[in-house]
Amino acid sequence: QGQLLAKSWSSLFEGQSGAALRGPIYSFNGRNILTDPLWPHQLAWHGSTPRGGHARRWDCQGWRSSGVAEGMATALGEGRLLAGHRHNCSTP
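Residues numbered from 1 in each chain as written. Predicted model: local features only at pLDDT ≥ 70, side-chain atom pairs only at ≥ 80, totals over all residues. Heavy atoms only, no water.

1. A closer look at the overall build of the protein chain
Part 1 of the argument: Helices and strands together make up the secondary structure of the protein chain, namely zero helices and three strands.
Part 2 of the argument: Moving toward the C terminus, one meets the helices and strands of the protein chain in the order β-β-β.
Part 3 of the argument: A burial count over the protein chain gives 32% of its 92 residues as buried.
Part 4 of the argument: For the protein chain, restricting intrachain contacts to residue pairs at least 6 apart in sequence, the fraction spanning at least 24 positions comes to 46%.
Part 5 of the argument: Entry remark: accessible area of the protein chain is about 6,600 Å², with carbon and sulfur atoms responsible for 53%. (Helix = DSSP H or I, 4+ residues; strand = E, 2+ residues; numbered from the N terminus. Buried < 20%, exposed > 50% of the residue type's maximum accessible area, 1.4 Å probe, protein only. Contact = heavy atoms within 4.5 Å. Areas by Shrake-Rupley, 256 points an atom, 1.4 Å probe, with all protein chains shown as cover.)

Encoded structure:
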């Protein structure tokens, strides 16, 4: 009934910045996060390098709401899960 997101867990992170994401992605309450206005930034937060390693300096670990820390996240519309960029950890 659903669409295949990736062939395997490891295929999400192999190759050039991971698998190309295809099809809709739904939140736990059934909203398509790629089109729903409640998801304005459509980011996948991962705190990883493009090769899947831990981006220690950019993982939002220990972040507080008053802080200005940045973490690695990927805009889901980019099509590559780990093709991340730094985003302010306060971004919803």
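Continuing now.
2. Looking at the side chain of Thr-74
Part 1 of the argument: If you trace the backbone, Thr-74 turns up in strand S2 (residues 70–75).
Part 2 of the argument: In this structure, Thr-74 is in contact with Gln-42, Leu-43, Ala-44, His-46, Arg-80, Leu-81, Leu-82, Ala-83 and Gly-84, ignoring residues within four places of it in sequence.

3. A few points about the sheet that holds strand S1 (residues 43–45)
Part 1 of the argument: Here we have three strands laid out as an open sheet, ordered S1-S2-S3, and antiparallel in their pairing. Of all the strands in the sheet, the pair left with one neighbour each is S1 and strand S3 (85–88). On average, each strand axis in the sheet is inclined to that of its neighbour by 55 degrees, with strand direction left out of account. (Pairing = 2+ DSSP bridges. Axes fitted to C-alpha atoms, helices over the stretch in contact; angles between N-to-C directions.)

4. Quick word on the pattern of salt bridges
Part 1 of the argument: Per the counting criterion, the structure on display carries two salt bridges.
Part 2 of the argument: Among the ionic pairs, Arg-31 bridges to Asp-36, the shortest N-O distance being 2.8 Å.
Part 3 of the argument: On the basis of relative accessible area, Arg-31 is assigned to the partly exposed category, the value being 34%.
Part 4 of the argument: For the salt bridge of Arg-86 with Glu-70, the shortest nitrogen-to-oxygen distance reads 3.2 Å. Of the two residues, Arg-86 is situated in strand S3 and Glu-70 in strand S2; the sequence distance between them amounts to 16 residues. (Salt bridge = Lys/Arg side-chain N within 4 Å of Asp/Glu carboxyl O.)

5. Let's talk about unusual backbone geometry
Part 1 of the argument: Within the chain, Gln-42 stands out as a residue other than glycine whose phi angle is a positive 50 degrees.
Part 2 of the argument: Structurally, Gln-42 is set in the segment before S1.

6. Observations concerning the environment of Arg-80
Part 1 of the argument: Mapping Arg-80 onto the fold places it in the loop between S2 and S3.
Part 2 of the argument: The partly exposed category is assigned to Arg-80, whose relative accessible area is 33%.
Part 3 of the argument: Considering only alpha carbons, one finds Arg-80 and Pro-50, 30 residues apart in sequence, at a separation of 9.4 Å.

7. Describing the nonpolar core
Part 1 of the argument: Counting residues in each nonpolar core, the largest one holds six residues, listed as Ile-25, Ile-33, Ala-44, Leu-76, Leu-81 and Leu-82.
Part 2 of the argument: Residues contacting Ile-25, with those up to four places away along its chain left out, are Arg-31, Asn-32, Ile-33, Leu-34 and Leu-76. (Core = buried A, V, L, I, M, F, W, Y, C linked by side-chain atoms within 4.5 Å.)

8. As for the environment of Arg-51
Part 1 of the argument: For Arg-51, the location among the structural elements is in the loop between S1 and S2.
Part 2 of the argument: The exposure class assigned to Arg-51 is exposed, which follows from its relative accessible area of 80%.

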